Amino acid sequence: MRDLTQLAFKQETTPGTAIAVAAADVLVRIREGDSPNFEVDPVETQEVQAYSSSRPVRPGKRLFRGSASWVLRPGSAPDTVAPSCGPLLVNGLLKQEQLKQIAIGSITNPPYRDGDEIEGVTSGAKGIVFRDHSVGPLKYYATTGTMISGEVIRKTGGGSVPQATSSGSPTNKGFLYHLVDSDFTGGSDSKHHGTVRMIRGSGANGYFVEGRGVLGELAFEFKNNEHAIARASMVGPISAFGDVATFDLASYPDDGIVEPRFVAASLTLGGYAPTDLVDLNLSIPLNLEVREDANDTSDNGLRFCDYDRRGNPPLLTIEPAMVSAATYDFFTKYKDGTTFAATWKLGSNFEFFADECQIVSAGFGSSRNLATVPLKLRLCGKKNNELYLWQHA
């Protein structure tokens, strides 16, 4: 059997209930070294006998674990087509929003603030503002209805709130990914779980391991002048395994889309642009653990994977060149717990925003005969606004 691997992913309607996957659910090419893992927890009976011989253990929880990575590419038409890896990003507890943009006149009581709920007075449509705005056009994602031309768009709540009159219909302005919380089971809760099938082999000679109710912890790796890599560490109950043919694909969804490189990244830390930046790593830990329930009808009492982000913030690591304190005082900010915004780009189609960063580790390093500052930044937030990933044209 050849050492080749495919990954198929499909979002589940009911978390933990496996759903059939097909060739159309092979969203990305995964990379060398990615593989599934079939994990069975042994259960010891702890019985003793008149001899020191051991008795067989009993099989306990049966878990799917998978490591997957892929090259981060935008959709074929970034303002209107989501990246093919979008469902895998959503599987990492990010929510995908179709971002809208609408032309507006001068703003009374500016600015609109990032995260403000807005409403169209005539249409009754509502949305959430993306980024602060003191002038138009206004970017937002819709929550109900559709804004229309010629209506007043105001922050909800009454009083002296930001408001302006629209002068056109909304247009698509890409896709926004942001962290959310969910109980998963309610009708209004966002859905993130998926059925994941990883196949090893080639052609008719393949073996698959499949998980249900799977979530994946995301991480992103950026290196100067190279494409970015997204990684997912997936966990869920085992749903099936055995012989299977690989999916016969003529092409993959992102074929022909040039991968953006990490150059001209425009990285800023509180307005300061560090130099001699080679690597940047972003991780979104979720502290994943499969939810157990003896009343569940599955054969081993496992419902689906769950998360706990409390005390597990997203982390950003970089190692810029050391500069004088007068230029940028890394260590005073570290000592004082100062917070600041960080932003960066990947090519012309991806932007990342972290509005409340805090240095939680700073040291002294060296690279290419330069003094450097290895930094670890904690991404903070108040309303799941620690991190935004925006794909656009």
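Presented here is a report on the structure given in the accompanying data block. (Residues numbered from 1 in each chain as written. Predicted model: local features only at pLDDT ≥ 70, side-chain atom pairs only at ≥ 80, totals over all residues. Heavy atoms only, no water.)

A closer look at the layout of surface pockets
Piece 1. Its boundaries defined by the atoms lining it, the largest pocket holds a volume of some 530 Å³.
Piece 2. Elements represented by at least two residues in the lining of the largest pocket include exactly β6 (126-129) and β10 (171-179).
Piece 3. Broken down by class, the residue content of the lining of the largest pocket amounts to eight nonpolar, six polar and 11 charged.
Piece 4. Put simply, the second largest pocket is a space of about 330 Å³.
Piece 5. Together, 22 residues line the second largest pocket, and D3, L4, T5, Q6 and I30 are the ones closest to its centre.
Piece 6. Contributing elements (two or more residues each) for the lining of the second largest pocket: β1 (5-11) and β11 (194-202).
Piece 7. At four residues, β11 tops the list of elements feeding residues into the lining of the second largest pocket. (1 Å grid on protein atoms, 1.4 Å probe; cavity = no way out; pocket = protein on both sides within 12 Å on 5 of 7 lines; lining within 4 Å. Points joined across faces, edges and corners; volume = space filled by probe spheres on them. Helix = DSSP H or I, 4+ residues; strand = E, 2+ residues; numbered from the N terminus. Nonpolar A, V, L, I, M, F, W, Y, C, P; charged D, E, K, R; others polar.)

Focus: the side chain of N91
Piece 1. Note that N91 resides in helix α1 (residues 86-91).
Piece 2. A distance of 3.1 Å separates a polar atom in the side chain of N91 from the backbone nitrogen of G216.
Piece 3. When near neighbours in sequence (up to four residues on either side) are disregarded, N91 contacts F9, H192, H193, G194, V214, L215, G216 and M234. (Polar contact = N/O pair within 3.5 Å; in protein donor to acceptor, adjacent residues only side chain to side chain. Contact = heavy atoms within 4.5 Å.)

Focus: unusual backbone geometry
Piece 1. With an omega dihedral of 0°, the bond running from P110 to P111 counts as a cis peptide bond.
Piece 2. Its place among the elements puts P111 in the loop between β4 (94-102) and β5 (117-120).
Piece 3. Following G136, the chain continues to P137 via a peptide bond in cis, the omega torsion being -5°.
Piece 4. By the secondary structure assignment, P137 is in the loop between β6 and β7 (138-144).
Piece 5. Positive phi outside glycine occurs at N225, with the angle close to 65°.
Piece 6. By the secondary structure assignment, N225 is in the loop between β12 (205-223) and β13 (229-243).
Piece 7. Residue N225 is classed as partly exposed on the basis of its relative accessible area of 40%. (Buried < 20%, exposed > 50% of the residue type's maximum accessible area, 1.4 Å probe, protein only.)

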